[in-house]
Amino acid sequence: MTLELKENAVKLSAPASNACGVRAHRWPKDPQGRERPVEETTVEQTPDGAFRRQRNAFTVRFGNKPGQAPVEAGRYHILGALGCGWNRRQRIVIRLLGLEKAFVPEVIYGRDENGWKLTKTPGSVAELFGYDRLNDFYRATDPNFQGRGTSPTVIDLETGKVVTNNYHILSNDLETAWAPFHKQGAPDLYPQELRQEIDLLNQQLFDDINNGTYKVNFANSIGAARAAYTIFKARLADYDFRLASRRYLFGPNFTDSDVRLFQTLESYEFGYRRGFLESLHADEDEIVHVWDYPNLWAYARDLFQTPGFIDEPELFDLGYVPDENGNYSRDPFSEAGPTPQKVKDYRKSVYEKWLEPAGRENLSGSPLYSGPGVGGSYELWQFGAYANYYKA
């Protein structure tokens, strides 16, 4: 076991409600009286009340080909919220590969109707360029930019402009293009022989699990929320069976796909699940827990206890450990002020659950599974393979 129970782990006090988890900010109220984030529940909606996430505005890849951003250690900062799963995915990969000094993470706190706020600290992009908002970088990059700047965003320190906010494939670039800066013995998170199947599984993970939580919590119709929750539960059951005979999703070694699944599992109980109760008008016993799926739950604990998958600031921000005053990070559903004792007791008990031995060390397993990516279907879906096909 690599993590120990800590009573006062970190000296932080930023509320989790400032993250991009369940509700990024509270403004305004919807017809049902709930306080909802603006863009996600107004602009990013289908006619039948389902959440349809905006596309990423900047999608430059890293590499040495024309049009790509050069791979230069220390040139870029990646800005993101600790409570944001898309950002934690990159932070996990950066830690696992030892890229902390080459590709520097920077934390942003607080989002309102004007977007993400920047904090001026020594060496931060806010200090270097004098901006107060993440959206300032977006407008500096594209004066016609409309939409919302997102977590995470990569900033070029030489130009002061956005390189990419494409969290879908940023981790893949860190795993490949940034290989010259990987630490010795770094894991191969994107092995060549599995890339096409990893890509397909990652798409499934995004649709049904990672973004599936937001499809429930940002739906403007109860029907859309219920449909998304049904798919979410079915996918958890699918992965629970897959992990019965495999230590990780593709067998004996964890990959980029495991990072993506973990980013949702680690924040589900204290974040997304709380939103499910409200969005689905459900009672406590009607919404599943991660530990309802024994293989998936043991797998999640296995990763939780693996160095690199979570750090102390994230432990605090996600609600597992208290600050120096014994108070826990406040979720979007809690009142401001000191943490009530019953909440402290519950948070501590859940953290203790996460530290229970996973008992998966003897599992190995095959990378082969029933899907996605079987029957040659991986040949039909590749990043950029049909870039010109869809153009008029």
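Above this text sits the structure in question.
The following paragraphs examine the structure supplied in this document. A quick note: this is a predicted structure, and the numbers were derived from the prediction, not measured.

### Side note on the sheet that holds strand β1 (residues 76-80)
Pairing is mixed across the open sheet formed by four strands, whose spatial order is β2-β1-β5-β6. At either margin of the open sheet sits one strand with a lone partner, and together these are β2 (103-107) and β6 (161-164). If you compare each strand with its neighbour and ignore which way they point, the axes differ by 40° on average. Here strand β5 (residues 153-156) runs beside β6; their pairing, made up of three bridges, is antiparallel. Opposite I155, over in β6, you have V162 as the bridge partner. Running over the sheet, helix α2 (residues 85-97) touches β1 and β2 and is turned about 135° from β1.

### What to know about the environment of N211
Positionally, N211 belongs in the loop between α6 (195-210) and α7 (212-217). Using a relative accessible area of 4% as the deciding quantity, one classes N211 as buried. Those residues within four positions of N211 in sequence are excluded, and the remaining contacts are F51, R53, W86, L205 and F206.

### Quick notes on the environment of E72
Among the secondary structure elements, E72 is positioned in the loop between α1 (38-42) and β1. Judged by relative accessible area, E72 falls into the partly exposed class, the value being 32%. Considering only alpha carbons, one finds E72 and W178, 106 residues apart in sequence, at a separation of 8.7 Å. Beyond its immediate sequence surroundings of up to four residues, E72 is in contact with A102, E158 and W178.

### A closer look at the pairing of β2
Pairing geometry for β1 and β2, over five bridges, is parallel. Opposite L79, over in β2, you have E106 as the bridge partner. What joins β1 to β2 is α2, and the crossover it makes is right-handed.

### Considering the nonpolar core
Counting 91 residues, the largest nonpolar core has F103 and Y320 as the members making the most contacts within it. For this core, the leading source of residues is helix α9 (residues 256-279), giving nine residues. If sequence neighbours within four positions are ignored, Y320 has contacts with E266, F270, F304, I310, L315, Y328, R347, V350, Y351 and W354.

### Overview of the pattern of salt bridges
Enumeration according to the criterion identifies 21 salt bridges in this entry. A salt bridge links E44 to R148, with the nearest nitrogen and oxygen atoms 2.7 Å apart. Here the residue E44 occupies a position in the loop between α1 and β1, and R148 occupies one in the loop between α4 (134-141) and β5, the gap between them amounting to 104 residues. The exposure classification of E44 matches that of R148, with both residues buried. In this structure, the salt-bridge partner of D132 is K120, at a minimum N-O distance of 2.7 Å. Placement of D132 in the loop between α3 (125-129) and α4 and of K120 in the loop between β4 (115-116) and α3 is noted, with a sequence separation of 12 residues between them.

### What about α9?
Taking 1.5 Å as the rise per residue, α9 with 24 residues should run 34 Å; its terminal C-alpha atoms sit only 30 Å apart, a clear shortfall. At Y268, α9 shows its strongest bend, of approximately 90°. Most of α9 sits inside the fold, with 22 of its 24 residues counted as buried. One or two positions beyond α9, positive phi appears at H281, with a value near 50°.

### Describing the pairing of β1
Buried residues dominate β1, accounting for five of its five residues. Burial of the side chains of β1 extends over both faces: Y76, I78 and G80 are buried on one face and H77 and L79 on the other. Of the pairings in the sheet, the one linking β1 to β5 comprises four bridges and is antiparallel in character. Across the sheet, residue Y76 finds its bridge partner in β5, namely D156.

### Quick look at the packing of α2 against helix α5 (residues 167-176)
As a packed pair, α2 and α5 sit with axes 9 Å apart at the nearest point and diverge in direction by 5°. Considered as vectors, α2 and α5 are oriented roughly parallel to each other. Note on element contacts: α5 touches α2 through Y167, H168, L170, S171, L174 and E175, opposite W86, R89, Q90, V93, I94 and L97. Split by residue class, the contact of α2 with α5 holds seven nonpolar, three polar and two charged.

What counts and what doesn't
- Residues numbered from 1 in each chain as written.
- Predicted model: local features only at pLDDT ≥ 70, side-chain atom pairs only at ≥ 80, totals over all residues.
- Heavy atoms only, no water.
- Pairing = 2+ DSSP bridges.
- Helix = DSSP H or I, 4+ residues; strand = E, 2+ residues; numbered from the N terminus.
- Axes fitted to C-alpha atoms, helices over the stretch in contact; angles between N-to-C directions.
- Contact = heavy atoms within 4.5 Å.
- Buried < 20%, exposed > 50% of the residue type's maximum accessible area, 1.4 Å probe, protein only.
- Right-handed = clockwise from strand over helix to strand, strands pointing away.
- Core = buried A, V, L, I, M, F, W, Y, C linked by side-chain atoms within 4.5 Å.
- Salt bridge = Lys/Arg side-chain N within 4 Å of Asp/Glu carboxyl O.
- Expected span 1.5 Å × (residues − 1).
- Bend = angle between axes of the 7 residues up to and from the residue.
- Parallel < 35°, antiparallel > 145°, perpendicular 65-115°, else oblique.
- Nonpolar A, V, L, I, M, F, W, Y, C, P; charged D, E, K, R; others polar.

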